[in-house]
Amino acid sequence: MESPRRRGVRGVFCLLFTVICLCYAELPEIHFVSLFGVMNTPSSWCALESLLRIGAENKDNPMIINVWQYERAEDKSSGQALAIKEQLSQLGEIAIHPINFTDLFLETPLYDTFIADGQVKDIDSPKKKRRQYLLGTLWKQNLGNGARLAILLKHGGIYLDLDHIVLKDVRALPYGFATVANKANNAFMHFPRSHPFLQDYSAVFVKEYNGSKWGHNGPRAVEKVWQDKWARKCQGSGCNISPLPSNITSIVRFSSFNELMLSSAPSDDVRSIAERIESVSYALHFFNKVSAMYLSSAIEEARRARGQRRRRASYASYPLGYLKLKYCPLVTDLELGLYKKSSS
C-alpha cells in the first residue's frame, strides 16, 4: 500500500507540473450533479457563484459550467432557487442539463446496474421496506455516484460536489481525485473522457455494488481501484493521474469540521483560519451532511440580528460564514434574508 507521504509528494509534483503547463492545454469543463431538488437550498449554489466569480476574472479562458439536474414534480425549483439563478445570471452562464438516466447510462458499464425496463430501478416506486430496494437503501446517493461517473466517462472534465466553496481556478488541478485524510474521495474528480482509471472504477462499481453501505460505491471504490491497480503503476513516470493532497479540497477533516469552521471566534482568529485555508487550498469541502445542522443554527442566529451589517457580522464570526460571505456573497445574502429582487 502506498504511504501517505509518498502519495502527498507525488500529488504536489503533479500539481506544480500541471499549473506550469496549463496555458498550453485545453481547459476542462466543470460538471455538477443535482438530484431530487438539492439545488432548492441556497448553500448548494455557493460552489457555482464562487466559480463564476473566478471565471469573471479570467475572461481569456471562459469557464464552462454544467449542472446535470434531475427533478420530480415535487422537487421543482423553489422561489429561493429561482431568485439565486436570477442573481447569478449577472455573473455568467450556467448550462442546465435535464437528466434522462436511461440515456446517461446507455453505452456505459453502469447501464444494467441502474436501468430495468427502460427506467431507473426504484426511482418511481413508493416507499418500500428496506429489503425491497433493488439499488439498496442508499439508492439516491448511489444514483449520484453513478451519474458523476457516467458523465466523466462520456464527457470528461472536472466533477465537483455542490457542497464546496471554490477559492481558486480548479481547472489548474491535475488529473486525479480528491483525498480526505489521505483516503480517496469522489467529491472532486478530474479525468479525460473514458480514462482507463474510470473504466476500472466502473468495473469495481458494477462487480462489487452495495447500495446499502455508505460510501461503498463512491470513496471506498475509488480508493480500492487506486490501491489495487494504479498506485504501483503510478510510482514510475508513465502515469498521468494522482491523488490530490488532502489540503487541496479538504484541508479540514469532516470529523473536526464543525468544531473549527462553525464555532464562533474573534475576528482575528477567523481571518487567520481563513487565510491558512486560502493559502493552500483550491476549494473547501464543507461536507453538507455533517455541517447542515450547525450551519442552520449559525444562519438562524445571524438572521435574528437587526440590519444588514449586523447580520453579516454575526455570520462572519464563523470561519465558514466568513468564507461564504467573501466567495459567494449573493447566495449568502439570500441565506441571511438580505436578498432584494433586482429591478429589470
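What counts, and where the lines are drawn
- Residues numbered from 1 in each chain as written.
- Predicted model: local features only at pLDDT ≥ 70, side-chain atom pairs only at ≥ 80, totals over all residues.
- Heavy atoms only, no water.
- Helix = DSSP H or I, 4+ residues; strand = E, 2+ residues; numbered from the N terminus.
- Buried < 20%, exposed > 50% of the residue type's maximum accessible area, 1.4 Å probe, protein only.
- Lys, Arg positive; Asp, Glu negative; His and termini not counted.
- Salt bridge = Lys/Arg side-chain N within 4 Å of Asp/Glu carboxyl O.
- Polar contact = N/O pair within 3.5 Å; in protein donor to acceptor, adjacent residues only side chain to side chain.
- Contact = heavy atoms within 4.5 Å.
- Disulfide = S-S within 2.5 Å.
- Phe/Tyr/Trp six-rings, centres within 6.5 Å; stacked < 30°, edge-to-face > 60°.
- Lys NZ or Arg CZ within 6 Å of the ring centre and 35° of its normal.
- Expected span 1.5 Å × (residues − 1).
- Arc of directions from axis to C-beta.
- Pairing = 2+ DSSP bridges.
- Right-handed = clockwise from strand over helix to strand, strands pointing away.

Caption draft 1: Main features of the side chain of Arg311. On the secondary structure map, Arg311 appears in helix H12 (residues 308-316). Buried charge without a partner: Arg311 forms no salt bridge, and the closest opposite charge is Asp333, 8.8 Å away. Here Ala305 takes part through its backbone oxygen, which lies 3.1 Å from a polar atom of the side chain of Arg311. Arg311 has contacts with Ala302, Arg303, Ala305, Leu336, Gly337 and Leu338, leaving out every residue within four places of it along the chain.

Caption draft 2: Here's a closer look at the state of the cysteines. According to the stated counting rule, one finds 2 disulfides in the structure shown. A disulfide bridge connects Cys46 with Cys328, and the sulfur atoms are separated by 2.0 Å. Judged by the torsion about the S-S bond (-75 degrees), the Cys46/Cys328 disulfide is left-handed. Of this pair, Cys46 sits in helix H2 (residues 46-56) while Cys328 sits in the loop between helix H13 (319-327) and helix H14 (329-335), placing them 282 residues apart in sequence. For Cys46, a relative accessible area of 0% corresponds to the buried category. With relative accessibility at 0%, the residue Cys328 sits in the buried group.

Caption draft 3: Main features of the side chain of His31. Along the chain, His31 turns up in strand S1 (residues 30-35). Polar side-chain contacts of His31 include one of 2.9 Å to the backbone oxygen of Gly156.

Caption draft 4: How the structure looks around the packing of aromatic side chains. Under the defined criterion, the tally for this structure stands at 15 aromatic pairs. Centroid distance Phe191 to Phe197: 5.3 Å. Interplanar angle 10 degrees. Geometry classified as stacked. Each of the two residues, Phe191 as well as Phe197, counts as buried. An aromatic cluster of at least three residues, connected via ring pairs, comprises Phe36, Tyr70, Phe101, Phe105, Phe114, Trp139, Tyr201, Phe205 and Tyr209. A cation sits over an aromatic face here: Lys140 above Phe36, 4.8 Å from the ring centre. Looking at Lys168, its charged tip hangs above the ring of Tyr282, at a distance of 5.5 Å from the centre.

Caption draft 5: Structural context of helix H10 (residues 267-280). The terminal C-alpha atoms of H10, which comprises 14 residues, lie 21 Å apart, in line with the 20 Å expected from a rise of 1.5 Å per residue. Inspection of H10 places Val270, Ile273, Ala274, Ile277 and Glu278 among the buried residues, and these make up the whole buried set. Buried residues along H10 cover an arc of 130 degrees about the axis, so they all sit on one side. Exposed side of H10, more than 90 degrees from the buried face: Asp268 and Ser279 are the residues found there. The secondary structure elements touched by the buried residues of H10 are helix H9 (257-261), strand S11 (283-285), H12 and H13.

Caption draft 6: Inspection of the pairing of S1 at higher detail. Burial analysis of S1 places 6 of its 6 residues in the buried class, which makes it a mostly covered element. In S1, alternate side chains face the same way, and those of Ile30, Phe32 and Ser34 on one face and His31, Val33 and Leu35 on the other are all buried. Strand direction decides the pairing type here: S1 and strand S2 (residues 65-70), joined by 6 bridges, are parallel. Bridged to Leu35 within S2 is Tyr70. In this fold, the crossover linking S1 to S2 by way of H2 has right-handed handedness. As defined by bridge partners, S1 adjoins strand S6 (residues 157-160) across 2 bridges and the pair is classed as parallel. The partner of Ile30 across the bridge, within S6, is Ile158.

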